[in-house]
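Results of the structural survey
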Number of protein chains: 2
Amino acid sequence: MKIVLDAMGGDHAPVVTVEGAVETVNEVDDIEIILVGAEDLIWKEIENKRYPAQRISVVHASQTVSMNDEVSFAIRRKKDSSIHKGIELVRNGKADAFVSAGHSGVVMATALLRLGKISGVSRPAIAATMPTLKGKFILIDAGANVDSEPENLFQFALMGNAYAKTIYGIKDPRIALLSIGEEDTKGNELTKETFKLLSKTDLNFVGNIEGKDIFKGNVDVVVCDGFIGNVVLKVSEGLAETILRMLKKEIADIITGRVAYMLIKPAIKNFKKKTDYSEYGGAPLMGINGTCIISHGRSTSKAIRNALKLANKFSKEGFKDTITQELLKYQKQIVESPQEPAIQGVI
Amino acid sequence: MKIVLDAMGGDHAPVVTVEGAVETVNEVDDIEIILVGAEDLIWKEIENKRYPAQRISVVHASQTVSMNDEVSFAIRRKKDSSIHKGIELVRNGKADAFVSAGHSGVVMATALLRLGKISGVSRPAIAATMPTLKGKFILIDAGANVDSEPENLFQFALMGNAYAKTIYGIKDPRIALLSIGEEDTKGNELTKETFKLLSKTDLNFVGNIEGKDIFKGNVDVVVCDGFIGNVVLKVSEGLAETILRMLKKEIADIITGRVAYMLIKPAIKNFKKKTDYSEYGGAPLMGINGTCIISHGRSTSKAIRNALKLANKFSKEGFKDTITQELLKYQKQIVESPQEPAIQGVI
């Protein structure tokens, strides 16, 4: 597969993006990478590295989107940015997927504008993977949309289900709806209506889940509006950092602190490895007519490597077709459900 | 002050509730406690304890609200519950405040029905206190309302401000709006409209805050809808538990694990103490015509003790009057703001 990498995206670009690309082609046989960005900077990074030369190419982009750019400004005024040019390569069939650790708002908007949505999808969604006590779960939507409607959340569930099945190989993914109580009567208008829709299908819908239970590892997909999902993602990130900092300080404050910290250092390292976002590489933008992976701004070369591999997997699995089939199948179940009429706006 | 304690509320009632009451009157001079609940059970717990007898009294309630009861069922069918009878004592002026670690939905609904709202408050809100790297912040609303309007969030900010000033003694509390980006254009319809309202007042409004920053200790009050607030509260609770469990497991897995754990145990104990919800006692239900503190279902006697002290402080500070004054003052600022007309519904 041919994957386009936004060489200029992320806090440590183009150093870590080029490193990630080189590591990937050295490790995986069936990936070709197109690096898009300021070619002089890219060549400077790449020239002394060893890799199969025919599997990395460079496409010049004269502009770079900064993290401070307004989305509308970048879309209108930066048509020669690495994000815009990279997505155009996918649109023109010259590449199979796009990966960027750059400005996620601009990536989303450009992908939506230039690639469009899969037929039948009302809104795209970001599917972030988060660690649990036993493994991981997919949080969808992690921030593509705010003010979602029940039909949107229903479709997020279908896309999360397809992701868990196809990419993570989970046979019958357990889908849960993030709410503030387990009963179907608990929640807000949005979750109550979504609950009804999900109950009408033969998806493995396990009902509402509360925030305190998402990390227990008993569900595979957690569905919510993008405002909530983004808050959950960032609260978790902030809290995990805070807890580790507080613990470190408390350990430093005890008499045996220095020895104790030396002793538990490997354990903290293992913990960090297990909960490291870079293991998952990035979050696919689901529902878009093409594969698009959004990585963390702080991405390391390892995160870039894993994002490229994820993009490769998504492209190989013909993910778009899977989603289209699932949309048709499950939306038919809602419409044909005898219990009550489908809500307005579904299909 | 006279505080009513729901002796039957919480996972370990009436053992810990009675313990908490006894500890409180032994420690604080100016509190009288009325224990409401099954009097035989209460007397059994209390009879062998030493305390100034004239400062604890018992009022019998023949019913107990179970955690599985539907709110509407409890309201209609359990008029002789400890929650209902306790709140009636406040309503009739026989007590100054009510504390319960029982069914929070039933406490909220009963308080709203029987005590009513402070004049001018459109919806009550739960104000939970959470720990940060440097201290603590107030999260409001932590779960009383879903589907809030901008005018509700605006009032939550005023109530949080009054709480931080009056009870925590913070001179000019820093108020932030929970959103998914720092700029005023980031967020959903609700936060964008609320941002405008808060900007019109001379509150110390510091703008939007992202989830990753709430634990840094740079703001005193975080304002959000109750669905979001409840998710944040429970995600934090679940994640903190998960991280400690994972770390413990990782430490157990290293060769020097047993020694290391012994060494860092005091540090973990200190960390747990600093982040222990029971330090804060409970979350006041703000905007109600009377003091009402909701404690965690898992409350220990220490949590009950701190909740009783918090109720005492709220009653002494004449909190209702403070809120009423603030509502009038800041709502006037919105209406008189020359920039644009006030939104509908804000007086």
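What you see is a predicted model, and the numbers here were worked out from it, not measured in a lab.

1. Considerations on the overall build of chain A
- Helices and strands together make up the secondary structure of chain A, namely 11 helices and 11 strands.
- With respect to the three principal axes, the spread of C-alpha positions in chain A is 65 × 65 × 40 Å.
- Counting only residues that meet the buried cut, chain A has 58% of its 347 residues in that class.
- Counted over contacts in chain A with a minimum sequence separation of 6, partners at least 24 positions apart contribute 72%.
- Within chain A, one finds 45 positive and 43 negative side-chain charges whose respective centroids are separated by 4 Å.

2. Overview of the domain arrangement of chain A
Residues and elements named next belong to chain A.
- Domain boundaries in chain A define domain 1 (1–116 + 288–316) and domain 2 (128–279 + 322–347).
- Contact with domain 2 buries surface across domain 1, with His 296, Arg 298 and Lys 302 losing the most and accounting together for 40% of the total.
- At the boundary of domain 1 with domain 2, the tally comes to 4 salt bridges.
- With its nearest N and O atoms 3.2 Å apart, the salt bridge here joins Arg 298 to Glu 241.
- Counting across the domain 1 and domain 2 interface gives 7 residue pairs in polar contact (both at pLDDT 80 or more).
- It is helix 10 (residues 301–316) that contributes the most residues to the side of domain 1 that touches domain 2, 6 residues altogether.
- A breakdown of the residues in the side of domain 1 that touches domain 2 according to their chemical character gives 4 nonpolar, 4 polar and 3 charged.

3. As for the pairing of strand 3 (residues 56–60) of chain A
Residues and elements named next belong to chain A.
- Summarising the sheet, strand 2 (residues 32–37) and strand 3 pair through 5 bridges and their orientation is parallel. Directly across from Gly 37, in strand 3, lies its bridge partner His 60.
- Regarding topology, helix 2 (residues 39–46) serves as the crossover connection from strand 2 to the parallel strand 3, and that connection is right-handed.

4. Overview of the interface of chain A and chain B
- Tallying the contact residues gives 49 residues for chain A and 49 residues for chain B.
- Together chain A and chain B conceal approximately 4900 Å² of surface at their shared face, both sides included; 78% is due to carbon and sulfur atoms.
- Contact with chain B buries surface across chain A, with Ile 180, Phe 227 and Glu 250 of chain A losing the most and accounting together for 13% of the total.
- With its nearest N and O atoms 2.3 Å apart, the salt bridge here joins Glu 210 of chain B to Lys 234 of chain A.
- Connecting chain A to chain B are 6 residue pairs in polar contact (both at pLDDT 80 or more).
- Elements represented by at least two residues in the side of chain A that touches chain B include exactly strand 7 (175–179), helix 7 (189–199), helix 8 (226–253) and helix 9 (257–274) of chain A.
- Among the elements that make up the side of chain A that touches chain B, the one with the highest residue count is helix 8 of chain A (20 residues).

5. Some remarks on the pattern of salt bridges
Residue and element names in this part refer to chain A.
- Inspection of every chain in the model, using the stated rule, returns 42 salt bridges over all chains.
- Taking the shortest distance from any N to any O, the salt bridge between Arg 298 and Glu 237 comes out at 3.1 Å. Residue Arg 298 is found in the loop between strand 11 (291–294) and helix 10, and its partner Glu 237 is found in helix 8; the two are separated by 61 residues along the sequence.
- Given a relative accessible area of 40%, Arg 298 falls into the partly exposed group.

6. Thoughts on the relation of the copies chain A and chain B
- Aligned on chain B, chain A shows an RMSD of 0.0 Å; the corresponding rotation is 180° and the shift along the axis is 0.0 Å. Put plainly, the chains are arranged around a two-fold axis. Closest to the rotation axis within chain A is the C-alpha of Ala 260 of chain A, separated from it by 2.8 Å.
- Mapped onto chain B, 100% of the interface residues of chain A again fall at the interface, so both copies present the same surface.

7. Overview of a positive patch on the surface
Residues and elements named next belong to chain A.
- A contiguous patch of positive charge, built from Lys 248, Lys 265, Lys 269, Lys 272 and Lys 273, is present on the exposed surface.
- When residues of the positive patch are assigned to their parent elements, the largest contribution, 4 residues, is made by helix 9.
- Classification of Lys 265 as partly exposed rests on a relative accessible area of 47%.

8. Examining the pairing of strand 5 (residues 125–131) of chain A
Residues and elements named next belong to chain A.
- Counting buried residues in strand 5 gives 7 out of 7 residues, a clear majority hidden from the surface.
- Here strand 5 shows a buried face lined by Ala 125, Ala 127, Thr 129 and Pro 131 and a second buried face lined by Ile 126, Ala 128 and Met 130.
- Bridging between strand 5 and strand 10 (residues 283–286) involves 2 bridges; their strand directions are antiparallel. What sits directly across from Ile 126, in strand 10, is Leu 285.
- Note: strand 5 against strand 6 (residues 136–140), 5 bridges, orientation antiparallel. Paired with Met 130 across the bridge in strand 6 is Phe 137.
- With antiparallel pairing between neighbouring strands as the criterion, strand 5 and strand 6 make up a hairpin whose turn holds 4 residues.

What counts and what doesn't
- Residues numbered from 1 in each chain as written.
- Chains lettered and ligands numbered in written order.
- Predicted model: local features only at pLDDT ≥ 70, side-chain atom pairs only at ≥ 80, totals over all residues.
- Heavy atoms only, no water.
- Helix = DSSP H or I, 4+ residues; strand = E, 2+ residues; numbered from the N terminus.
- Buried < 20%, exposed > 50% of the residue type's maximum accessible area, 1.4 Å probe, protein only.
- Contact = heavy atoms within 4.5 Å.
- Lys, Arg positive; Asp, Glu negative; His and termini not counted.
- Charge placed at Lys NZ, Arg CZ, Asp CG, Glu CD.
- Domains from an automatic or database assignment.
- Buried area = accessible area lost by both parts, 1.4 Å probe.
- Salt bridge = Lys/Arg side-chain N within 4 Å of Asp/Glu carboxyl O.
- Polar contact = N/O pair within 3.5 Å; in protein donor to acceptor, adjacent residues only side chain to side chain.
- Nonpolar A, V, L, I, M, F, W, Y, C, P; charged D, E, K, R; others polar.
- Pairing = 2+ DSSP bridges.
- Right-handed = clockwise from strand over helix to strand, strands pointing away.
- Least-squares fit on C-alpha atoms with pLDDT ≥ 70 in both.
- Patch = residues over 30% accessible without salt bridge, like charges linked within 9 Å, V, L, I, M, F, W, Y side chains within 5 Å.
- Areas by Shrake-Rupley, 256 points an atom, 1.4 Å probe, with all protein chains shown as cover.

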